[in-house]
Amino acid sequence: MIKRRIIPLIAFLLLIVASPDARADAVKLGTIAPKGSPWHELMQDLSEAWKEASQGQYSLRIYPGGVAGDEADMVRKMRIGQLHAAALSGVGLHRIAPEIQALQLPMMYRGNDELDYVRARVGGSIEKIIEERGFKVLAWGDIGWVMFFTRKPVVHPDDMKPLKLFTSAGDTVVAEAYMDAGYQVVPLASTDIHTALQAGLIDVVQTTPVVALSFQWFGLAPHLTGVRWAPLVGAIVISNKVWDDIPSEFQTRLLALSRAAGARLQSSVRSLEAEAISVMQRHGLSFHPVPQELLPVWEERARLGYPALVGNHIPPELFREVEHHRNVYRQMNAVN
């Protein structure tokens, strides 16, 4: 029952809402979420909501299960018009706006409250950047906190040095950040993670508990390090060209439906993180707590990778703004 609740949630994070119903100009929607999962019923419900709000003119057409490729492929296909919309995690969003990495800096935030405070102050700027790059953000949604799922136990950052870490293929800057922090990386498409774990090509997958459970990666990487490395954000995006073809009176309604759905999903995913870990533990996952005294060591190790990100993915002024808002939040809440 728990798994049936979690799979639709993560799948919905990976989906997009769109446009005209079964016509030549219908919007094509890409997602890496698998076909036939319970989430499909959820998306059908949202499709009905769009259809009702647009007087029958707009509903969802979904290309699930990585049929349209991984997130990098989907972004490329949207740019050339083969695909019109997609639901992307931060991994895919940075192909549009590398600046998104400012919200996903490792060990920058200690919890959702800090993340929400910062995003409320810089999210609008990032959304504007995405729009300038040709895409409309229909909704934001978190995918959860990235943690390390490993083939061998990891508690101290040095425990991970002999292991091979998955990084997203083509994301050379993030790979460089990990290497600067002292780690070995293996760039792969996200659709190849399961096979790579089986073959021993990688030993570490950085992902959220909900995703690890949904795609059963924890069975091949059965050790979980008890540190929240970074938040993984997501967004539902549609190409400006396609969005602009939708009449303005429908745009308002459909955007409101999307935003509301994203907010509901964010709340649900956050509440399920601990539950997902518990489910995986009952099925063989070993959880390795990180002592409080080691957290500064993890933070220091994370910051070794910042120079590769700041000035490449992240403009220095945006980094300073993020850090400033984070510090203000901590001062207001007496976080040392």
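## Concerning helix α3 (residues 71-79)
Those residues of α3 that fall on the buried side of the exposure criterion are Glu71, Met74, Val75, Lys77 and Met78. Buried residues of α3, viewed axially, fall in a sector of 165 degrees; they line one side. Backbone nitrogen of Ala72 and a side-chain oxygen of the N-cap are separated by 3.2 Å at the start of α3; the cap is Asp70. Residue Gly81 follows α3 closely and has a positive phi angle near 85 degrees.

## Quick look at helix α11 (residues 295-303)
Buried within α11 we find Trp298, Arg301 and Ala302. Projected down its long axis, α11 shows its buried positions confined to an angular sector of 100 degrees, all on one face. On its buried face, α11 is in contact with β4 (135-150), β8 (223-226) and α12 (306-309).

## A short note on the packing of helix α5 (residues 112-132) against helix α10 (residues 248-282)
As a packed pair, α5 and α10 sit with axes 15 Å apart at the nearest point and diverge in direction by 155 degrees. Taken together, the axes of α5 and α10 lie roughly antiparallel to each other. By crossing handedness, the relation of α5 to α10 is classed as right-handed. Contacts between α5 and α10 involve Asn112, Leu115, Asp116, Arg119 and Glu127 from the former and Arg259, Gln266 and Arg270 from the latter. Counted by class, the contact of α5 with α10 contains 1 nonpolar, 2 polar and 5 charged residues.

## Structural notes on the pattern of salt bridges
Counting across every chain of the model gives 14 salt bridges. Residues Glu299 and Arg110 are paired through a salt bridge, measuring 3.8 Å at the closest nitrogen-oxygen approach. Residue Glu299 is located in helix α11, and its partner Arg110 is located in the loop between α4 (90-96) and α5; the two are separated by 189 residues in the primary sequence. Arg110 sits in the partly exposed class, given a relative accessible area of 40%. Glu127 serves as the salt-bridge partner of Arg259, at 2.8 Å between the closest nitrogen and oxygen. Taken as a pair, Arg259 in helix α10 and Glu127 in helix α5 lie far apart in primary sequence, 132 residues in all.

## Quick notes on the packing of α5 against helix α13 (residues 316-332)
Packing of α5 against α13 leaves a shortest axis separation of 9 Å and a crossing angle of 130 degrees. Classified by the angle their axes make, α5 and α13 are oblique. Where α5 crosses over α13, the two elements pack in a sense that is right-handed. Within the contact between the two elements, α5 uses Asp113, Glu114, Tyr117, Val118, Arg121 and Val122 and α13 uses Leu318, Glu321, Val322, His325, Arg326, Val328, Tyr329, Arg330 and Met332. Per-class residue counts for the contact of α5 with α13 are 8 nonpolar, 1 polar and 6 charged.

## Here's the deal with a negative patch on the surface
Side chains of Glu131, Glu132, Asp244 and Asp245 sit close together on the surface and give a patch of like negative charge. Along the chain, the position of Asp245 falls in the loop between α9 (240-244) and α10.

## Describing the environment of Gly219
Mapped onto the elements, Gly219 comes out in the loop between α8 (209-214) and β8. Take Gly219: its relative accessible area is 55%, and that puts it in the exposed class. Along the backbone, Gly219 and Met280 are 61 residues apart, and their C-alpha atoms lie at a distance of 8.5 Å.

## Side note on the pairing of β4
Two faces, one strand: in a regular strand the side chains alternate between the faces of the sheet. Taken across its 16 residues, β4 has 16 buried, putting it largely inside the fold. Pairing of β4 with strand β7 (residues 204-207), which is carried by 4 bridges, proceeds in the antiparallel orientation. What sits directly across from Met147, in β7, is Thr207. Across 2 bridges, β4 lies against β8 in antiparallel orientation. Residue Thr150 lies in a different strand from β8, and its bridge partner there is His223.

## What about the packing of aromatic side chains?
Under the defined criterion, the tally for this structure stands at 8 aromatic pairs. Plain terms: the ring middles of Phe215 and Trp217 are 5.3 Å apart, the flat faces sit at 20 degrees to each other, and that makes the pair stacked. Sitting above the plane of the Tyr117 ring, Arg121 keeps its charged end 3.5 Å from the centroid.

## Remarks on the confidence of the model for the protein chain
On average, residues of the protein chain score 85 in pLDDT, and 87% of them are at 70 or above. Ignoring residues within four places in sequence, the model shows residues 8-25, a span with pLDDT below 50, making 82 contacts including any to other chains.

Conventions and cut-offs
Residues numbered from 1 in each chain as written. Predicted model: local features only at pLDDT ≥ 70, side-chain atom pairs only at ≥ 80, totals over all residues. Heavy atoms only, no water. Buried < 20%, exposed > 50% of the residue type's maximum accessible area, 1.4 Å probe, protein only. Helix = DSSP H or I, 4+ residues; strand = E, 2+ residues; numbered from the N terminus. Arc of directions from axis to C-beta. Polar contact = N/O pair within 3.5 Å; in protein donor to acceptor, adjacent residues only side chain to side chain. Contact = heavy atoms within 4.5 Å. Axes fitted to C-alpha atoms, helices over the stretch in contact; angles between N-to-C directions. Parallel < 35°, antiparallel > 145°, perpendicular 65-115°, else oblique. Left-handed = near helix turned anticlockwise from the far one by under 90°. Nonpolar A, V, L, I, M, F, W, Y, C, P; charged D, E, K, R; others polar. Salt bridge = Lys/Arg side-chain N within 4 Å of Asp/Glu carboxyl O. Patch = residues over 30% accessible without salt bridge, like charges linked within 9 Å, V, L, I, M, F, W, Y side chains within 5 Å. Areas by Shrake-Rupley, 256 points an atom, 1.4 Å probe, with all protein chains shown as cover. Lys, Arg positive; Asp, Glu negative; His and termini not counted. Charge placed at Lys NZ, Arg CZ, Asp CG, Glu CD. Pairing = 2+ DSSP bridges. Phe/Tyr/Trp six-rings, centres within 6.5 Å; stacked < 30°, edge-to-face > 60°. Lys NZ or Arg CZ within 6 Å of the ring centre and 35° of its normal. pLDDT = per-residue confidence, 0-100.

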